Amino acid sequence: MELELFAPIARTIQNTNPIFQRRFKQFPEYGEAQRAVVYQRLERMDHELDGREFIASDRFTIADITALVAIDFGSRLADVQIAPSLAHLTRWHETVSKRASVKA
């Protein structure tokens, strides 16, 4: 998840969010290219979650935590949204977001 999802989301944020304008030289075109990668990865995750409750196992793991944090950061800082058509990913996100440890 770190390389597959978190890294392109971070590159999207770094190159498109105004908070980084004075910290880094931004390359908006690259940021948008990374956003496209993020959406491809979210589609792939949706397919992987078909018939599965969690990402890497039959239980909640660090892969789920990393993916949840990446998606939530992307949502808040780069307007990355899970498309409504990605039903399996939407179900997974809603389920793991309700966990007590996430709400803490």
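Relevant structure appears above.
Residues numbered from 1 in each chain as written. Predicted model: local features only at pLDDT ≥ 70, side-chain atom pairs only at ≥ 80, totals over all residues. Heavy atoms only, no water.

J.: Give me helix 4 (residues 87–97): which residues, what numbers.
T.: Residues L89, W92, H93 and V96 constitute the buried set of helix 4. Buried positions in helix 4, seen along its axis, are confined to an arc of 100° and lie on one side of it. Buried residues belonging to helix 4 abut helix 2 (28–48), helix 3 (62–78) and helix 5 (100–103). (Buried < 20%, exposed > 50% of the residue type's maximum accessible area, 1.4 Å probe, protein only. Helix = DSSP H or I, 4+ residues; strand = E, 2+ residues; numbered from the N terminus. Arc of directions from axis to C-beta. Contact = heavy atoms within 4.5 Å.)

J.: Describe helix 1 (residues 2–16), listing the residues and the values that go with them.
T.: Because an α-helix completes one turn every 3.6 residues, residues spaced three or four positions apart along the sequence face the same direction. For helix 1, which comprises 15 residues, the first-to-last C-alpha distance of 20 Å matches the rise-based estimate of 21 Å (1.5 Å per residue) to within 8%. Looking only at helix 1, the buried set comprises L5, A7, P8, I9, T12, I13 and N15. If you follow the buried residues of helix 1, they end up packed against helix 2 and helix 3. (Expected span 1.5 Å × (residues − 1).)

J.: Describe the packing of aromatic side chains, and please don't skip the residues or the numbers.
T.: For the structure on display, the rule yields three aromatic pairs. With 6.0 Å between their ring centres and 85° between their planes, F6 and F73 make a pair best called edge-to-face. Taken together, the residues F6 in helix 1 and F73 in helix 3 connect sequence positions 67 residues apart. Measuring from ring centre to ring centre gives 6.0 Å for F54 and F60, while their planes differ by 70°; the resulting arrangement is edge-to-face. (Phe/Tyr/Trp six-rings, centres within 6.5 Å; stacked < 30°, edge-to-face > 60°.)

J.: An account of the environment of E29 is requested, with residue identities and associated values reported.
T.: Relative to the elements of secondary structure, E29 occurs in helix 2. Its relative accessible area of 63% is what places E29 among the exposed residues. Along the primary structure E29 and T16 are separated by 13 residues, whereas in three dimensions their C-alpha atoms are 8.6 Å apart.

J.: Any details on the side chain of D46? Residues and values, ideally.
T.: Looking at the element boundaries, D46 is found in helix 2. Despite being buried, D46 has no salt bridge partner; R91 is the closest side chain of opposite charge, sitting 7.2 Å away. Those residues within four positions of D46 in sequence are excluded, and the remaining contacts are L86, A87, H88 and L89. (Lys, Arg positive; Asp, Glu negative; His and termini not counted. Salt bridge = Lys/Arg side-chain N within 4 Å of Asp/Glu carboxyl O.)

J.: Requested: an account of the packing of helix 1 against helix 2, with residues and values cited.
T.: Orientation of helix 1 relative to helix 2, taken along the N-to-C sense of each, is 150°, at an axis distance of 8 Å. Between helix 1 and helix 2, the angle is such that the two are roughly antiparallel. The handedness of the crossing between helix 1 and helix 2 is left-handed. Where helix 1 approaches helix 2, its residues L3, E4, L5, P8, I9, R11, T12, N15 and T16 are matched on the opposing element by P28, Y30, G31, E32, Q34, R35, V37, V38, R41, L42, R44 and M45. Looking at side-chain class alone, the contact of helix 1 with helix 2 contains 10 nonpolar, five polar and six charged residues. (Axes fitted to C-alpha atoms, helices over the stretch in contact; angles between N-to-C directions. Parallel < 35°, antiparallel > 145°, perpendicular 65-115°, else oblique. Left-handed = near helix turned anticlockwise from the far one by under 90°. Nonpolar A, V, L, I, M, F, W, Y, C, P; charged D, E, K, R; others polar.)

J.: With reference to specific residues and values, describe the nonpolar core.
T.: Counting residues in each nonpolar core, the largest one holds 22 residues, and the members touching the most others are L5, L42, M45, I55, L89 and W92. With near-sequence residues (within four places) excluded, L89 lies in contact with L42, M45, D46, L49, I71 and I82. (Core = buried A, V, L, I, M, F, W, Y, C linked by side-chain atoms within 4.5 Å.)

J.: Tell me about a nonpolar patch on the surface, and please be specific about residues and values.
T.: Taken together, the side chains of I62, I65, V69, F73 and L77 make up a nonpolar region of the molecular surface, amounting to roughly 420 Å² of accessible area. Relative to the helices and strands, L77 is located in helix 3. The class of L77 is partly exposed, set by a relative accessible area of 39%. (Patch = residues over 30% accessible without salt bridge, like charges linked within 9 Å, V, L, I, M, F, W, Y side chains within 5 Å. Areas by Shrake-Rupley, 256 points an atom, 1.4 Å probe, with all protein chains shown as cover.)

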